[in-house]
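# Observations on the three-dimensional arrangement
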Amino acid sequence: MQPKYQIDTKENKRFLETARRELLSFGHHFPSPEGSSYYLGDDGTPWKDRNRETWITSRMAHVYSLGFFLGHDGSKELAAAAIHGLRTELHDKKNGGWYAGLTADGEIVPTKQCYAHAFVILAASSGVLAGIEGAKELLDEALALYDLRFWNESEGLSCDTWNTEFTKLDDYRGLNANMHTVEAFLAAADVTGLEAYRIRAGRIIDHVLTWAQNNQWRIPEHFHKDWTPDLECNKNHPDDPFKPYGATPGHGIEWARLITQWTLSTYKDSTAAGAAPYISAAKALYQRAVTDAWNVDGAPGLVYTTDWNGTPVVHDRMHWTLAEAINTSSVLWHITGEECYAKDYVSFMQYLDEVVWDHNTGSWFHQLDQNNQLLSTVWPGKSDLYHAVQATLIPFYTPALSIAPAVKAGKEI
């Protein structure tokens, strides 16, 4: 076993520091003239014929705020460019909120997405910590808009998609947007001290755990207007990038980490009576997802989706799923000391090094097929750095804090 793959070794820290440095260098050309993010191609060259999305711009603001805390040259200017894009061309001055994006010709991409607005909150929270001009105003507006349009206090959940004018709400309800809402709410609570957002995150988590427990720890992703699960959603389009059919093991893994973060930040001690059921649930979610997805079809890697019995449906390997597996195995190892998580971490590190890390460009391949050959049906190119960069940091910082405040404060484990 190579030390560079082992958790808590100086060799592993150096290994991931190298990965992070290369990732941050890879993304330098993302900003358009007004700051919205170009979609990056395989070698980091902007694909200027594609839409400039709000969610990608927000992720880049967050990532380069992290880069600034870590001393990566040019990071504050890059984060500031993305924050500027969110405050100007991506912002709907007439109706409020943020467009889904802009086309290559500068036309508005219709709808207002909960998913994108959650990432605006995350970006603004990180920007505030980085001292970026306008970030505080952006955060205040993003929280107020989210409270008004997306959060449903009586349900304790968020809706998903409005039309551009905020006059018609789609009947679809989804957990992907709610998952990133939990991430955003925890970041907002950590940065602003407004604990109401942490409480809201807990309400979402309680719903998710009820659905997961009733479904063998495979989380339903898609719901009708009344929050009844739609288990057949997109059965004829199973590899949809945002609404895939069936269970998404990567989300089970990601939820496990966010639940652990919320628990530790709420109860302060993973062994506290109130915390124990949540930690147990996080372990169950992680184990179900890894059992269903990792090395199950004759080649290493985590499959994208399974049916409701755990049989793989889309065998493709997405880089973000590996990133979340790295994060969550490290977090569960640090709070439980159970050897299974350390062993998983080694496997994920080796797979990253040998398969997913594009050592020629310093980035990570975003989509591979069942045989770990490059594929571009869902995620062509390398759209952004968010999942990969976080996976180089979360293994080393306290799991009770959102990653930006943890990195800025130097709260290493």
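Just above sits the structure.
Quick summary incoming for the structure in this document. (Residues numbered from 1 in each chain as written. Predicted model: local features only at pLDDT ≥ 70, side-chain atom pairs only at ≥ 80, totals over all residues. Heavy atoms only, no water.)

### Some points on the overall build of the protein chain
Test applied: A helix here means a DSSP run of H or I that spans at least four residues, while a strand means a run of E at least two residues long, and both kinds are numbered starting from the N terminus. This radius of gyration counts C-alpha atoms alone. The globule rule is 2.2 Å times how many residues there are, raised to the power 0.38. Here the term buried applies to any residue with accessible area under 20% of the maximum for its type, exposed to any over 50%, and partly exposed to those in between, with areas from a 1.4 Å probe on protein chains only. We call two residues contacting when some pair of their heavy atoms lies within 4.5 Å. To measure how exposed things are, a 1.4 Å probe is used in the Shrake-Rupley method; for residues, cover is taken only from the protein chains shown.
Scanning the protein chain from terminus to terminus reveals 13 helices and 17 strands. Its C-alpha atoms give the protein chain a radius of gyration of 20 Å, within 12% of the compact-globule value 22 Å for 413 residues. Expressed as lengths along the three principal axes of its C-alpha atoms, the size of the protein chain is roughly 55 × 45 × 45 Å. Within the span of the protein chain, comprising 413 residues, buried residues form 60% of the whole. Of the contacts formed within the protein chain by residues at least 6 apart in sequence, a portion of 65% connects residues at least 24 apart. Accessible area for the protein chain stands at about 15,200 Å²; split by element, carbon and sulfur atoms hold 49% of it.

### Let's talk about the pattern of salt bridges
Note on pairing: side chains with opposite charge can pair once their charged atoms come close. Worth spelling out the cut-off: Within this document, salt bridges are pairs made up of a side-chain nitrogen of Lys or Arg and a carboxyl oxygen of Asp or Glu, the two lying within 4 Å of each other.
For the coordinates displayed, the defined rule picks out 18 salt bridges. The network of salt bridges with shared partners includes Asp190, Glu195 and Arg198.

### Some remarks on the packing of aromatic side chains
So the rule is basically this: Pairing of aromatic rings covers Phe, Tyr and the six-membered ring of Trp, with a centre-to-centre limit of 6.5 Å; geometry is then stacked below 30 degrees between planes, edge-to-face above 60, and tilted otherwise. Here, a charge over a ring means that NZ of Lys or CZ of Arg falls within 6 Å of the ring centre while also lying within 35 degrees of the ring normal.
Applying the stated criterion across every chain, the model contains 27 aromatic pairs. Here Phe223 and Trp227 contribute two aromatic rings whose centre-to-centre distance is 5.1 Å and whose plane-to-plane angle is 50°, an arrangement assigned as tilted. Given the relative accessible area of 2%, Phe223 is considered buried. These aromatic residues form a ring-pair network of at least three members: Tyr146, Phe150, Trp151, Trp162, Phe166, Phe185 and Tyr197. Above the plane of the ring of Trp162 lies Arg149, whose end atom (NZ or CZ) is 5.9 Å from the centre. Here Lys243 stacks its cationic end above the ring of Tyr172, 3.9 Å away from the centre of that ring.

### Observations concerning the state of the cysteines
Note the cut-off: Two cysteine sulfurs form what is called a disulfide whenever their separation falls within 2.5 Å.
Inspection of every chain in the model, using the stated rule, returns zero disulfides. Summary of cysteine pairing: Cys159 is not part of a disulfide, and the nearest cysteine sulfur, belonging to Cys114, is at 6.2 Å. We classify Cys159 as buried; its relative accessible area is 8%.

### Some points on the layout of surface pockets
Cut-off, in case you're wondering: Residues are said to line a cavity or pocket when one of their atoms sits within 4 Å of a point; the points come from a 1 Å grid over protein atoms alone, cavities being sets where a 1.4 Å probe fits but cannot get out and pockets being open sets with protein on both sides within 12 Å along at least five of seven lines. Grid points are joined across faces, edges and corners, and a volume is the space filled by probe spheres set on the points. When residue character is reported, Ala, Val, Leu, Ile, Met, Phe, Trp, Tyr, Cys and Pro are called nonpolar, Asp, Glu, Lys and Arg charged, and the others, Gly included, polar.
In this structure, the largest pocket occupies an estimated 510 Å³ of space. Lining the largest pocket are 25 residues, with Glu53, Trp55, Gln113, Tyr115 and Phe242 sitting closest to its centre. For the lining of the largest pocket, the elements supplying multiple residues, two or more each, are helix H2 (54-69) and helix H6 (175-192). Residue composition of the lining of the largest pocket, by class: 14 nonpolar, five polar and six charged.

### With respect to the sheet that holds strand S5 (residues 108-109)
Basically, it comes down to this: Paired strands, as defined in this entry, are two strands with at least two bridges between them according to DSSP.
Pairing is antiparallel in the open sheet, where three strands are placed in the order S3-S4-S5. At either end of the open sheet lies a strand with only one pairing partner, and these are strand S3 (52-53) and S5. Strand direction decides the pairing type here: strand S4 (residues 101-102) and S5, joined by two bridges, are antiparallel. Within the sheet, the bridge partner assigned to Leu102 lies in S5 and is Ile108.

### Side note on the packing of H2 against helix H3 (residues 75-87)
Any two packed helices are characterised by the angle at which their axes cross and by the distance between the axes. Short version of the rule: Only C-alpha atoms enter the line fits that serve as axes; for helices the fit covers just the stretch in contact. Angles between N-to-C directions range over 0 to 180 degrees. What sets the label is the angle itself: under 35 degrees gives roughly parallel, over 145 gives roughly antiparallel, 65 to 115 gives roughly perpendicular, and the rest give oblique. For any helix crossing, the convention is left-handed if the near helix is rotated counterclockwise from the far helix by under a right angle, and right-handed if that rotation is clockwise.
The contact between H2 and H3 brings their axes to 8 Å, and the two run at 155°. When the axes of H2 and H3 are compared, the pair comes out roughly antiparallel. Of the two elements, H2 crosses H3, and the hand of that crossing is left-handed. Here Thr54, Thr57, Ser58, Met60, Ala61, Tyr64, Ser65, Gly67 and Phe68 of H2 come into contact with H3, specifically with Ser75, Lys76, Leu78, Ala79, Ala82, Ile83 and Leu86. Classifying every residue of the contact of H2 with H3 gives nine nonpolar, six polar and one charged.

### Focus: unusual backbone geometry
The phi angle at Lys268 is positive, at roughly 70°, despite the residue not being glycine. By secondary structure assignment, the location of Lys268 is in the loop between helix H8 (249-267) and helix H9 (276-293). Accessibility expressed as a relative area gives 67% for Lys268, which makes it exposed. Residues other than glycine seldom take positive phi values, yet Asn372 does so here, at roughly 65°. Residue placement: Asn372 occurs in the loop between strand S17 (367-368) and helix H12 (386-391). Here Asn372 falls in the buried class, since its relative accessible area comes to 15%.

### Thoughts on the packing of H9 against helix H10 (residues 319-336)
Packing of H9 against H10 leaves a shortest axis separation of 11 Å and a crossing angle of 140°. The angle between the axes of H9 and H10 places the two elements in the oblique class. You can see that H9 and H10 cross each other, and the crossing is left-handed. Where H9 approaches H10, its residues Ile279, Ala282, Lys283 and Tyr286 are matched on the opposing element by Ala325, Thr328, Ser329, Leu332, Ile335 and Thr336. Tallied by class, residues from the contact of H9 with H10 come to six nonpolar, three polar and one charged.

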